[in-house]
Amino acid sequence: MNATPLETIQGLNFSGAHVGALGDLDHYQFFLPQGKGRGYPGKLFLKEPLAMSGMEVSINKLGAGQSMPFNHKHTAHEELYIFLRGSGQFLVDGTVINVQEGSVIRVAPEGVRTWRNRSQEDLYYIVIQAMAGSMQAATIDDGVMCADKPSWPD
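Cut-off values and rules
Residues numbered from 1 in each chain as written. Predicted model: local features only at pLDDT ≥ 70, side-chain atom pairs only at ≥ 80, totals over all residues. Heavy atoms only, no water. Helix = DSSP H or I, 4+ residues; strand = E, 2+ residues; numbered from the N terminus. Buried < 20%, exposed > 50% of the residue type's maximum accessible area, 1.4 Å probe, protein only. Contact = heavy atoms within 4.5 Å. Areas by Shrake-Rupley, 256 points an atom, 1.4 Å probe, with all protein chains shown as cover. Lys, Arg positive; Asp, Glu negative; His and termini not counted. Charge placed at Lys NZ, Arg CZ, Asp CG, Glu CD. Phe/Tyr/Trp six-rings, centres within 6.5 Å; stacked < 30°, edge-to-face > 60°. Lys NZ or Arg CZ within 6 Å of the ring centre and 35° of its normal. Salt bridge = Lys/Arg side-chain N within 4 Å of Asp/Glu carboxyl O. Pairing = 2+ DSSP bridges. Axes fitted to C-alpha atoms, helices over the stretch in contact; angles between N-to-C directions.

Draft legend 1. Seen up close, the overall build of the protein chain. The helix and strand tally for the protein chain stands at 1 helix and 12 strands. Each helix (α) and strand (β) of the protein chain, taken in turn from the N terminus, gives the series β-β-β-β-β-β-β-β-β-β-β-β-α. Here the C-alpha coordinates of the protein chain stretch approximately 50 × 35 × 35 Å along the principal axes. Looking at the protein chain as a whole, 31% of its 154 residues qualify as buried. Summarising the internal contacts of the protein chain: among those between residues at least 6 apart in sequence, 62% fall at separations of at least 24. With the model as given, the accessible surface of the protein chain reaches about 10400 Å², and the carbon-plus-sulfur share is 54%. Side chains of the protein chain give 12 positive and 16 negative charges; the mean places of these two sets differ by 10 Å.

Spelled out as structure tokens, the structure:
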């Protein structure tokens with residue numbers, strides 16, 4: 001889905017990458033499946049490059065005055081939108097929500113959604129997608145303290 005390859009680092013129990021500055025997200029593009037339509041610059045999906053198995057994450061940039069050209073919903077995944085910089089509007093099931101730096105919105109799979117940037121600056125946001133109803137425990141309940149102390153190499 002990404003037009004630009006992402007250099008990653010991987011170990012037994014981790015994977016990582018440096019995606020660059022938010023302002024440079026235009027280097028990445030999203031193409032609709034089955035070759036429908038043009039590419040959309042400013043969208044970087046991380047599931048495949050980071051070999052994630054339980055969620056999809058994308059880092060996004062929507063230029064000043066731009067809007068998503070379609071509505072969409074999901075069959076099984078809920079989404080969490082985390083707005084990092086800029087301002088705009090989010091439309092879900094006919095309700096308009098003003099968004100800005102620090103806004104977060106969760107949308108159930110069935111929620112019909114789209115968004116737009118009505119400002120003069122770029123809108124930056126992260127989208128996390130996961131199977132609705134799949135969390136088995138709260139984060140604190142799933143964590144396990146390890147006996148050894150952190151040991152940073154010099």
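Draft legend 2. Fine view of unusual backbone geometry. Here alanine 51, not a glycine, exhibits a phi torsion of approximately 55°, which is positive. If you trace the backbone, alanine 51 turns up in the loop between strand S5 (43–45) and strand S6 (56–62). Positive phi outside glycine occurs at aspartate 93, with the angle close to 50°. For aspartate 93, the position within the fold is in the loop between strand S8 (87–92) and strand S9 (95–100). For aspartate 93, a relative accessible area of 56% corresponds to the exposed category.

Draft legend 3. View of the packing of aromatic side chains. Counted by the stated rule, this structure contains 7 aromatic pairs. Centroid distance phenylalanine 83 to phenylalanine 90: 6.4 Å. Interplanar angle 80°. Geometry classified as edge-to-face. The ring of tyrosine 124 carries arginine 85 above its face, with NZ or CZ at 5.0 Å from the centroid.

Draft legend 4. Seen up close, the environment of alanine 137. Along the chain, alanine 137 turns up in the loop between strand S12 (123–131) and helix H1 (139–142). Measuring from C-alpha to C-alpha, the distance between alanine 137 and serine 15 comes to 24 Å, with 122 residues separating the pair along the chain.

Draft legend 5. Layout of the pattern of salt bridges. A full pass over the atoms with the stated rule returns 4 salt bridges. Taking the shortest distance from any N to any O, the salt bridge between glutamate 78 and arginine 106 comes out at 3.2 Å. Within this pair, whereas glutamate 78 is found in strand S7 (residues 77–85), its partner arginine 106 is found in strand S10 (residues 104–107), the two being separated by 28 residues in sequence. Residues joined in a network through salt bridges with shared partners are Asp26, Lys61 and Asp122.

Draft legend 6. Broad picture of the sheet that holds S9. Pairing is antiparallel across the open sheet formed by 3 strands, whose spatial order is S9-S8-S11. The open sheet has two free edges, formed respectively by S9 and strand S11 (113–116), since each of these has just one partner strand. Recorded for the sheet is a direction-independent mean angle of 25° between the axes of neighbouring strands. Pairing analysis gives 4 bridges linking S8 to S11, with the strands arranged antiparallel. In the sheet register, glutamine 89 faces S11, and the bridge partner there is arginine 116.

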